[in-house]
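Reading the structure
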2 protein chains.
Amino acid sequence: MRQRLTQGLIQVYTGNSKGKSTAAFGLALRAIGHGFKVYIIQFMKGSGYYGELATWHRLYPYIQFSQYGRGCPYSHLIRQGEDSCRGCGQCFVKKGEATAEDIRQAAMALEKTRKIMATDEFDIIILDEVLNAIYFELISTKEVLELINNKPPLVELVLTGRNAPPEIIAAAHLVTEMKEIKHPFQQGISARRGIEY
Amino acid sequence: MRQRLTQGLIQVYTGNSKGKSTAAFGLALRAIGHGFKVYIIQFMKGSGYYGELATWHRLYPYIQFSQYGRGCPYSHLIRQGEDSCRGCGQCFVKKGEATAEDIRQAAMALEKTRKIMATDEFDIIILDEVLNAIYFELISTKEVLELINNKPPLVELVLTGRNAPPEIIAAAHLVTEMKEIKHPFQQGISARRGIEY
């Protein structure tokens with residue numbers, strides 16, 4: 001018998017501190033323990049070296065995912081521990097300088113979200129960094145509100161990223177702001193494999 | 001070849017909103033993707049119906065865990081979806097009314113943490129709800145500071161729970177406050193299987 005949520009809501013994890021995406025991923029880990037299925041769609045992310053990717057592969061078909069955006073050209077080396085992020089910026093979108101390709105990739109992520117919603121196969125859909133994609137002007141607040149409005153009643157939609165627009169906050173049932181009190185970066189400690197990525 | 005962190009820090013997830021424990025669990029999911037090993041010690045939790053438990057079992061031996069505290073006497077029924085939390089309070093510790101058994105369980109959790117640290121087998125140790133255990137006077141801030149001070153250099157220690165004491169915040173490298181902007185409870189929606197537990 002397929003598990004269904006009793007009610008599917010809109011959750012937003014925003015703010016400037018660590019824990020937004022990881023809270024969404026922890027929620028996925030919890031949900032599949034009850035037999036629910038999760039689809040994660042990542043905006044502004046590609047060919048990554050993030051550890052969670054390997055774990056999601058291990059949890060297939062309960063967790064499935066797609067990535068849309070520029071990847072790191074050196075992700076294989078970073079994954080292997082032979083290199084680390086040198087801030088080359090090749091995976092970055094600069095505010096006000098989004099390219100046609102950046103916009104096309106984000107449009108693909110939106111289209112994928114619509115398709116995944118339409119399958120009625122997944123109980124939780126996580127749109128990771130979708131709020132950043134709005135901030136960087138790859139997609140519009142209106143497009144995300146349309147997704148929210150067309151969400152099937154028994155699907156939980158989880159949105160992450162900095163700078164949640166007020167219209168999205170108004171439309172959400174749960175909003176947590178991750179507020180930075182302290183961060184290792186302030187203490188000169190750079191990103192570490194297995195923790196920050 | 002065993003993976004080791006380059007540097008093990010102290011992380012704190014506190015505040016009054018959703019996402020503290022799930023951020024820690026998402027971090028675990030990320031870490032094991034790089035071959036690290038995670039031990040989760042839960043304070044004030046026992047025989048639970050939380051979905052993450054089933055997923056952790058699936059991820060053994062990369063994620064291992066122990067629980068200390070009162071469990072829910074009806075967790076099997078809730079896990080099966082035939083019942084839900086009725087707020088009976090049997091799993092609760094009331095502020096100022098901790099029993100000797102509550103205190104003994106929390107002491108066991110501290111002792112287990114010391115043992116797990118001493119094995120040098122785990123890269124990330126998550127003390128879930130440990131800050132609540134301080135708040136409910138089951139353990140002292142001093143005991144947790146001792147754990148922090150005795151932490152092996154390459155072990156990441158992650159503490160969750162409301163009301164982080166200032167001494168713990170001072171000792172931490174990363175502190176995120178989960179600030180409640182909106183919560184479904186405010187809208188009369190009660191906890192849902194697969195999402196809240």
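So, a few notes on the structure that sits alongside this text. Remember, it's a predicted structure, so these values are computed and weren't measured experimentally. (Residues numbered from 1 in each chain as written. Chains lettered and ligands numbered in written order. Predicted model: local features only at pLDDT ≥ 70, side-chain atom pairs only at ≥ 80, totals over all residues. Heavy atoms only, no water.)

1. What to know about the interface of chain A and chain B
- Contacts between chain A and chain B engage 60 residues on the former and 60 residues on the latter.
- Buried area between chain A and chain B, summed over both chains or domains, comes out near 5100 Å², and the portion from carbon and sulfur atoms is 58%.
- At the junction of chain A with chain B, the criterion picks out six salt bridges.
- Two residues, A:Arg192 and B:Glu156, come together in a salt bridge whose shortest N-O distance is 2.5 Å.
- Linking chain A with chain B are 40 residue pairs in polar contact (both at pLDDT 80 or more), by the criterion used here.
- At the level of secondary structure, the elements contributing two or more residues to the side of chain A that touches chain B comprise strand S1 (10–15), helix H1 (20–32), helix H2 (51–58), helix H7 (166–171) and strand S6 (174–182) of chain A.
- Its residues assigned to classes, the side of chain A that touches chain B shows 29 nonpolar, 18 polar and 13 charged.
- Two elements, S6(A) and strand S6 (residues 174–182) of chain B, share seven bridges in a ladder whose sense is antiparallel. In the strand pairing of S6(B), A:Glu177 is matched with B:Lys179. (Contact = heavy atoms within 4.5 Å. Buried area = accessible area lost by both parts, 1.4 Å probe. Salt bridge = Lys/Arg side-chain N within 4 Å of Asp/Glu carboxyl O. Polar contact = N/O pair within 3.5 Å; in protein donor to acceptor, adjacent residues only side chain to side chain. Helix = DSSP H or I, 4+ residues; strand = E, 2+ residues; numbered from the N terminus. Nonpolar A, V, L, I, M, F, W, Y, C, P; charged D, E, K, R; others polar. Pairing = 2+ DSSP bridges.)

2. Notes on the relation of the copies chain A and chain B
- Rotating chain A by 180° and moving it 0.0 Å along the rotation axis overlays it on chain B with an RMSD of 0.0 Å. In short, the pair behaves as if placed about a two-fold rotation axis.
- Residue by residue, 100% of the interface of chain A is reproduced at the interface of chain B, so both copies engage with the same surface. (Least-squares fit on C-alpha atoms with pLDDT ≥ 70 in both.)

3. With respect to unusual backbone geometry
- Of the consecutive residues A:Tyr60 and A:Pro61, the connecting peptide bond is found in the cis state with omega at 5°.
- Here A:Pro61 shows up in the loop between H2 and strand S3 (63–68).
- In this structure, A:Asn163 takes a positive phi of about 55° despite not being glycine.
- Tracing the sequence through the fold places A:Asn163 in the loop between strand S5 (156–160) and H7.
- One non-glycine residue, B:Met44, lies in positive phi territory at about 60°.
- Along the chain, B:Met44 falls in the loop between strand S2 (38–43) and helix H2 (51–58).

4. What about the nonpolar core?
- In terms of nonpolar packing, the biggest core is built from 46 residues, with A:Val38, A:Ile124, B:Val38 and B:Ile124 touching the most fellow members.
- The residues touching B:Ile124, leaving out its near neighbours within four places in the chain, are A:Gly194, A:Ile195, B:Leu5, B:Leu27, B:Ala31, B:Phe36, B:Lys37, B:Val38, B:Tyr39, B:Glu156 and B:Val158. (Core = buried A, V, L, I, M, F, W, Y, C linked by side-chain atoms within 4.5 Å. Buried < 20%, exposed > 50% of the residue type's maximum accessible area, 1.4 Å probe, protein only.)

5. Details of the environment of B:Gln3
- Tracing the backbone through its elements, the reader meets B:Gln3 in the segment before strand S1 (10–15).
- Given a relative accessible area of 22%, B:Gln3 falls into the partly exposed group.
- Measuring from C-alpha to C-alpha, the distance between B:Gln3 and B:Thr22 comes to 24 Å, with 19 residues separating the pair along the chain.
- Ignoring sequence-local partners within four residues, the contact set of B:Gln3 consists of A:Arg193, B:His34, B:Gly35, B:Phe36 and B:Asp123.
- Separated by 2.7 Å, the side chains of B:Gln3 and A:Arg193 make a polar contact.

6. Overview of helix H6 (residues 141–149) of chain A
Residue and element names in this part refer to chain A.
- Along H6, the residues classified as buried are Thr141, Val144, Leu147 and Ile148. Taken down its axis, H6 places every buried residue within 120° of arc, on the same side. Relative to its buried face, H6 has exposed residues pointing more than 90 degrees away, namely Lys142 and Asn149.
- Elements that come into contact with the buried residues of H6 comprise S1, helix H4 (100–119), strand S4 (124–128), helix H5 (130–135), S5 and H7. (Arc of directions from axis to C-beta.)

7. Quick notes on helix H4 (residues 100–119) of chain B
All names here are of chain B.
- With 20 residues, H4 ought to run about 28 Å at 1.5 Å a step, and its terminal C-alpha atoms sit 29 Å apart, in line with that.
- Buried residues of H4: Asp102, Gln105, Ala106, Ala109, Leu110, Thr113, Ile116 and Met117, and no others. In an axial view of H4, the angular spread of the buried residues amounts to 145°, which keeps them on one side of the axis. Facing away from the buried side of H4 by over 90 degrees, the exposed positions are Ala100, Lys115 and Ala118.
- The secondary structure elements touched by the buried residues of H4 are S2, strand S3 (63–68), strand S4 (124–128), helix H6 (141–149) and strand S5 (156–160).
- One or two steps after H4, the chain reaches Asp120, where phi turns positive at roughly 60°. (Expected span 1.5 Å × (residues − 1).)

8. A word on the pattern of salt bridges
- Scanning the entire structure with this criterion turns up 32 salt bridges over all chains.
- A salt bridge links B:Asp128 to B:Lys45; the nearest nitrogen and oxygen atoms lie 3.5 Å apart. With B:Asp128 in strand S4 and B:Lys45 in the loop between S2 and H2, this pair connects stretches of sequence that are 83 residues apart. B:Lys45 carries the same exposure label as B:Asp128, and that label is buried.
- It is possible to trace a salt-bridge network through shared partners that takes in A:Arg2, A:Arg4, A:Asp120 and A:Asp123.

9. Here's the deal with the packing of aromatic side chains
- Tallied over the entire structure, the rule returns twelve aromatic pairs over all chains.
- A ring pair is formed by A:Trp56 and A:Phe65, whose centres lie 5.0 Å apart and whose planes are at 55°; its orientation type is tilted.
- Through a chain of ring-to-ring contacts, three or more aromatic side chains come together here, namely A:Phe25, A:Trp56 and A:Phe65.
- Positioned over the ring face of A:Tyr135 is A:Lys95, at 3.8 Å from the centre of the ring.
- The ring of B:Tyr50 carries B:Lys45 above its face, with NZ or CZ at 5.0 Å from the centroid. (Phe/Tyr/Trp six-rings, centres within 6.5 Å; stacked < 30°, edge-to-face > 60°. Lys NZ or Arg CZ within 6 Å of the ring centre and 35° of its normal.)

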